[in-house]
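Single-letter residue listing:
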Amino acid sequence: MLVPISNRSGQSIKRVGAMFAKTFRYIRWFAPLSFKLKRYEIARRIFPSAKRQYELDSMVGPWGYWEELRHYQITALKTFGMMPHHRLLDIGCGPLQGGIAFIRYLDAVKYTGIDISQKSLDAGLQLIEEAGLSSKEPVLLRSDSFGKNELTERNFDYIWCSQMLYHLDEGLLEKLMAQVAKFLAPDGRFYGDIIGYPNEVTESSSWNGFPFYMHTAESVEKIARRSGLTVRNLGQISSYGYPSEVILGTNNILELAHEQPLPRQ
Ligand SMILES: C[S@@+](CC[C@H](N)C(=O)[O-])C[C@H]1O[C@@H](n2cnc3c(N)ncnc32)[C@H](O)[C@@H]1O
C-alpha cells in the first residue's frame, strides 16, 4: 500500500522518538550500574587495593557494593533490636562483610561466625586484624554442619544468615533449623533471606558453585516447625537498607523464633 510522504515521515519521527525514549530509559536505569562496574573492572586490573576488594567481593556476591551491603547488614540487625551486649551467631559469615561491622558494634566475645569456606574465613581473620578488632575476641569457625560439631555455646540472642538460605536444599535447611533451635536463646531471633520477586534468579542459576533454591516463607515454615520454630515474613530486604538496584534486593527477610517460650539455660 502506498503511504503519502507526509504520513511516512510522521511515522518515522514517531519511531525515532520511541527509540530515543527507550534508550533514555535504559541509560537512566542501567547505565549508573554498568558504569560503576566498568570503572571497577578497569581499576581492579591496575590498583592492588581494587584487586583485593574484587577478591573479597567475589566471596560474597555483587561486585562494587561492599560498604553498602555492610551498612545494610548492621542496619538491619540494629533495626531488629540487636544491642552491644547481645550474642550474635553469623551463619555463612563469608569474609565478614557484615562481620566487621558487627564485631565493632558488639561487646567483646559476643560475635561468632561460621562458614563452610576456609578461604573466606582466612580473609575475614585478616580484616579483623587490619581493623584492630582482635581484642574483641571474635570466634570464627569452619563448619559444614552449621556448628553442630564445632559450637559449644548456645543461647545466641541473634542468629543472622544473610544471603545463604537459598543455597540450601530442603535437607540442609532441615539440618540448619535443628541447629538454630538448639543455639537460639529462649527469646532469641533468627533472620535470613529467601529469593523474592521479581527476580532473574532461577533454579538453574548458581553462584560460586552453589545452586539456588526457590524456598517460600511457607515452605521454610513447614521445615522450621519440625524444629519447633515459627516464621514471620518481614518483607523485602531493600526496605532494610539493601541497595534496591542490586540483584536480590527483592529478597524477603524471614524472622524465626521458638514456638514455645523455653526456659533459659
Ligand atoms: C552469598 S555469601 C554471603 C556471605 C555473608 N553472609 C554476607 O551476606 O556477606 C554465602 C556464604 O554462605 C556460605 N555457605 C554456603 N553454604 C554453606 C553451608 N552449608 N554452611 C556454611 N556456610 C555456607 C558460603 O561459603 C558463603 O560465604
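Residues numbered from 1 in each chain as written. Predicted model: local features only at pLDDT ≥ 70, side-chain atom pairs only at ≥ 80, totals over all residues.

A. Representation of the overall build of the protein chain in the model. Helices and strands together make up the secondary structure of the protein chain, namely seven helices and nine strands. For the protein chain, contacts bridging at least 24 residues in sequence account for 69% of all contacts bridging at least 6. (Helix = DSSP H or I, 4+ residues; strand = E, 2+ residues; numbered from the N terminus. Contact = placed C-beta atoms within 7 Å.)

B. Summary view of the pairing of strand β2 (residues 111-115). Most of β2 is tucked away: five of the five residues are buried. Because side chains alternate across β2, one face comprises the buried residues Tyr111, Gly113 and Asp115, and the other comprises Thr112 and Ile114, equally buried. Inspection of the sheet shows strand β1 (residues 88-91) paired to β2 by four bridges, in the parallel sense. For Asp90, the partnering residue across the bridge sits in β2 and is Gly113. (Buried ≥ 20, exposed ≤ 12 C-beta atoms within 10 Å, placed from the backbone. Pairing = 2+ DSSP bridges.)

C. Representation of the site of the ligand within the structure. Near the ligand, the surroundings consist of 18 residues, among which Gly92, Gly94, Gln97, Ile116 and Ser162 are the closest. Residues that form the shell around the ligand fall into these classes: six nonpolar, 10 polar and two charged. (Near = placed C-beta within 6 Å. Nonpolar A, V, L, I, M, F, W, Y, C, P; charged D, E, K, R; others polar.)

D. Representation of the confidence of the model for the protein chain in the model. Taken as a whole, the protein chain shows an average pLDDT of 89; of its residues, 87% reach a score of 70 or greater. Long-range and interchain partners of residues 26-30, a stretch whose pLDDT sits below 50, account for zero contacts in this model, where long-range means more than four residues apart. (pLDDT = per-residue confidence, 0-100.)

E. Layout of the sheet that holds strand β3 (residues 139-142). Read across the sheet, seven strands follow the order β3-β2-β1-β4-β5-β9-β8 without closing on themselves; strand pairing throughout is mixed. Strand pairing shows two members of the sheet lacking a second neighbour, β3 and β8 (229-236), which therefore form its edges. Put simply, the sheet's adjacent strands are angled 20 degrees from each other on average, direction ignored. (Axes fitted to C-alpha atoms, helices over the stretch in contact; angles between N-to-C directions.)

F. Representation of the environment of Ala181. Position of Ala181 relative to the elements: it lies in helix α6 (residues 170-183). A sequence separation of 48 residues divides Ala181 from Leu229, and the C-alpha atoms of the two residues are 6.9 Å apart. Leave out the neighbours within four places in its chain, and Ala181 touches Ser227, Gly228 and Leu229.

G. Quick peek at the environment of Lys51. Mapped onto the elements, Lys51 comes out in helix α2 (residues 48-58). Separated by 10 residues in sequence, Lys51 and Glu41 place their C-alpha atoms 9.2 Å apart.

H. Region of the structure containing the pairing of strand β4 (residues 156-161). The element β4 is largely enclosed, with a buried count of five among its six residues. In this structure, β1 lies alongside β4, joined through three bridges in parallel fashion. If you follow Leu89 over to β4, its bridge partner there is Ile159. Alignment of β4 against strand β5 (residues 184-194), held across five bridges, turns out to be parallel. Looking at β5, one finds that Trp160 is bridged to Tyr191. This β-α-β element, β4 to α6 to β5, shows right-handed connectivity. (Right-handed = clockwise from strand over helix to strand, strands pointing away.)

I. A look at the packing of α6 against helix α7 (residues 217-225). Across the interface, α6 lies against α7 with an axial gap of 9 Å and an inter-helix angle of 50 degrees. One finds that α6 runs oblique with respect to α7. When the axes of α6 and α7 are compared, the crossing they make is right-handed. Counting all contacts with α6, which are made through Glu170, Leu173, Glu174 and Met177, the residues of α7 involved are Val220, Ile223 and Ala224. Of the residues in the contact of α6 with α7, the class split is five nonpolar, no polar and two charged. (Parallel < 35°, antiparallel > 145°, perpendicular 65-115°, else oblique. Left-handed = near helix turned anticlockwise from the far one by under 90°.)

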